[in-house]
Amino acid sequence: MSASCRFLVLVCAETFAATAVLAGETGDGKSTTAATTEEQTEEYKNWIELGIGGLIINGDAAQFKQEHRMSGDVFGGIQDLHFEQTVGKDGLLSIDGHAIWDNNDYDVKLELSQPKLGYIKAGFTEFRSWYDGNGGFFPHNDVFFSPPFPEMHIDRGDAWVELGLRVPDWPEITIRYSHEFRDGQKDSTIWGDTNLTGLPVNPTRKIVPSFRDIDETRDIFAFDALKTFGNTDVNLGMRYEHSTIDDRLQLERGAGQLPPVVSPPGAQRFITQRDVNNGDLFSGHAITETRISDWLWFTAGYSYTTLGSDIGGSRIIGTHYDSNFGEPVPTLRPFDHGFINLAGTSQVEEHIFNANVLWMPLKDLTLLTAFRYTHDDRESDSTFLATDATPNVPPFSPTNPPGGAHPITPEPVTADASTDYNRFGERLELRYTGITNWLFYAEGDWEEEFGNRLEHQEGGEEAGFELLDLNEDTSLLAQKYIAGVNWYPMMRLNLSAQYYHKIASYDNDINSAIHQRLVGQNWNTDDLNVRITCRPKIPACLGTLALVTRYDFVHTTIDSQWAVFSEGEFLNEEQTGVITQHVITEAITWNPLARFYLQANVSYVLNQTDTPANNIDLIPNISPTVVNFRNDYWTVTSGAGYIIDDKTDFYTDFSFYCANDHFKNAGVAVPYGLGATEYTASATIARQLTKNMRLLMKYGYFNYRDVTSGGHNNYQAHSVYSGLQYRF
């Protein structure tokens, strides 16, 4: 029997069973009407909810799963579970969790607690995230490459145990161990390339789908102790982590470029880049909170973190994924860079100190000031063998074809880097409520950063690796100023307004470098937002009405300066971007009847980034490669609910999303912007069958249309779900 048939049988069976109960029939044919209409006074502390559901998907099922985190098959199991039982005189045992098969969604937690002694907890969590393997779509000639794995997923999980000591007059001690994992496959935005785009000039585009193999684990041990001394709370803690990462990026180049489509030797090859990282992290912290008086509090904290990592990996070009180095690659192309035998270490040390003072000098005035200092020191070094390819020379053979390339002897490369940063952060916040129905507040945030970065790499010149020598002093000055007011002129009306100005200035004093470098950049942002909340008085026959209106305006300018060190030239500072954003939002809640409500939220966002590159045509192109970017979209969500009777509820919701920003600039660049429309709708009915049993039925509809992908991400889906809750 197919999955769809099994799903329909299960749903029908549950529905028919519920129908018998709704009709007032028990297993022996006796009426349950009297029992279900009795006054209920018993409180149920335990419950279990069983559910079953399924989907029918037409179109790109992987895209649906990625967006809605649901499997495309029949799913079901324990939707929610809670059980508690006293142990001994005062102890309590509790179990909470859920288990949904086929969605791979599991969570269970057990806890045994004893007042004035402590507790022990343990649990396990696992859930699945789905990913669509599709890559890009080229509208010039409708080129689309099917992914090697259309549907992918990653399972994430955590198994843990925690002990807590809660003895009166003793420190509160908490010890926890957890094992986390992440395993599976997901898509990557680092796409491969092809020249089968039909363009006469510069035909190569990166639109070929790629994916990552993920295999990661982390073991964490944490200890915390909390004790109060007079009016001061002291918290001491430490944390140790060991992580193991073995990930692979799988990339295809020259997709579809094989004989006879392209004259020999073709160009299709596969790249596997393996990234290995084993890390050990230790951190410790100390936090104090002192209540000097009711109007003066002081808190301070310090943390130290050290992280050591061993890295490894390779980047190998082959005729298939996960090829071994040295296997013949007839389609190898010149300058196919890679590396093998990567080995290296890194060490990070971080110190953080912060202090905060909360002072209320007047009844209606509150002042909060904070200071933070961070020192960050990083050292790393690595060695590897660089690989490359050089054009083939006679005598030619099937493994040494004309027009192809062959690998050179790997060359050793060494690299090292170090950074040293000092960061300072300050904050001052004022709140004043001395005027009736008014709240005024102001805030200032400042951050300064000073550091040095050194990078050096040598070797591998024959493999295309150039000498790298960078020595730069960096600095950052960030400022943010906020002023706002809330006004409550009447019970049914309040208004809020806020303005902030943010400045971020980056400066790099470069002592030595090659090629082009960013030497300075300034970001200036102004944000004004206004909110009005109104509950107008309307005739009693029309119920109640609430309106919330919000408008946000954001304007950002970006000024940058670059230097071309190979030519010893500093370019003039230019305004490289202007971002303008308007956000208009309206929320409406209407209760025309005590049993009936309506809600709606409408939001419209206009967002555009202007760049001077929009006026630059790169020869031989006849239009700019970089264009002004738009990100305008609509969102609408609405819902309604109706209490049919004292045992039956009905509610429904609807959502709409639309973006019409797709710009077909395929002749000179990858198309920018998103063009998509999505509708979702659902209807739910819940019925109290007995005093401790409740039935829920839900139907959902989903419709997604994506212009950017040429329709390859489109889907239409129907979902049905039924849940039965039993309390005891």
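Residues numbered from 1 in each chain as written. Predicted model: local features only at pLDDT ≥ 70, side-chain atom pairs only at ≥ 80, totals over all residues. Heavy atoms only, no water.

## Structural notes on the overall build of the protein
A tally of regular secondary structure across the protein gives three helices and 32 strands. On the principal axes, the C-alpha backbone points of the protein span a range of 95 × 75 × 60 Å. Residue burial in the protein is summarised as follows: out of 728 residues, 37% are buried. Considering only contacts within the protein whose residues lie at least 6 apart along the sequence, 64% involve residues at least 24 apart. Total accessible area on the protein is roughly 39000 Å²; 59% of this is exposed by carbon and sulfur atoms. Counting 53 positive and 97 negative side-chain charges, the protein places the averaged centre of each group 9 Å from the other. (Helix = DSSP H or I, 4+ residues; strand = E, 2+ residues; numbered from the N terminus. Buried < 20%, exposed > 50% of the residue type's maximum accessible area, 1.4 Å probe, protein only. Contact = heavy atoms within 4.5 Å. Areas by Shrake-Rupley, 256 points an atom, 1.4 Å probe, with all protein chains shown as cover. Lys, Arg positive; Asp, Glu negative; His and termini not counted. Charge placed at Lys NZ, Arg CZ, Asp CG, Glu CD.)

## Observations regarding the side chain of Asn235
Tracing the sequence through the fold places Asn235 in strand E11 (residues 232-253). Residue classification places Asn235 among the buried positions, given a relative accessible area of 17%. Within polar-contact distance, the side chain of Asn235 engages the backbone oxygen of Ala225 at 3.5 Å. One polar contact links Asn235 to His285, side chain to side chain, over a distance of 3.1 Å. For Asn235, the residues in contact, after removing those within four places along its chain, are Asp224, Ala225, Leu226, His285, Ala286 and Ile287. (Polar contact = N/O pair within 3.5 Å; in protein donor to acceptor, adjacent residues only side chain to side chain.)

## Some remarks on the packing of aromatic side chains
Under the definition given, this model contains 17 aromatic pairs. Consider the rings of Trp438 and Phe440, whose centres lie 5.5 Å apart with planes at 5 degrees: the pair is stacked. Take Trp438: its relative accessible area is 29%, and that puts it in the partly exposed class. Each ring, one from Tyr726 and one from Phe728, has its centre 5.9 Å from the other, and the planes form 20 degrees; the classification is stacked. We classify Tyr726 as partly exposed; its relative accessible area is 36%. In this structure, Lys121 packs its charged tip against the face of Tyr119, placed 4.9 Å from the ring centre. Sitting over the face of the ring of Tyr500, Lys480 holds its NZ or CZ atom 4.5 Å from the ring centroid. (Phe/Tyr/Trp six-rings, centres within 6.5 Å; stacked < 30°, edge-to-face > 60°. Lys NZ or Arg CZ within 6 Å of the ring centre and 35° of its normal.)

## Here we look at the nonpolar core
Counting 13 residues, the largest nonpolar core has Leu55, Ile57, Phe64, Phe75 and Tyr715 as its most contacted members. Broken down by secondary-structure element, the contributors of at least two residues to this core are strand E1 (47-59), helix H3 (61-68), strand E31 (693-706) and strand E32 (715-727). Examining the composition of this core, we find that three residues originate from one element, E32, more than from any other. Sequence-distant contacts of Leu55, defined by excluding residues within four places in its chain, comprise Phe64, Met70, Ser71, Gly72, Asp73, Phe75, His718 and Ser719. (Core = buried A, V, L, I, M, F, W, Y, C linked by side-chain atoms within 4.5 Å.)

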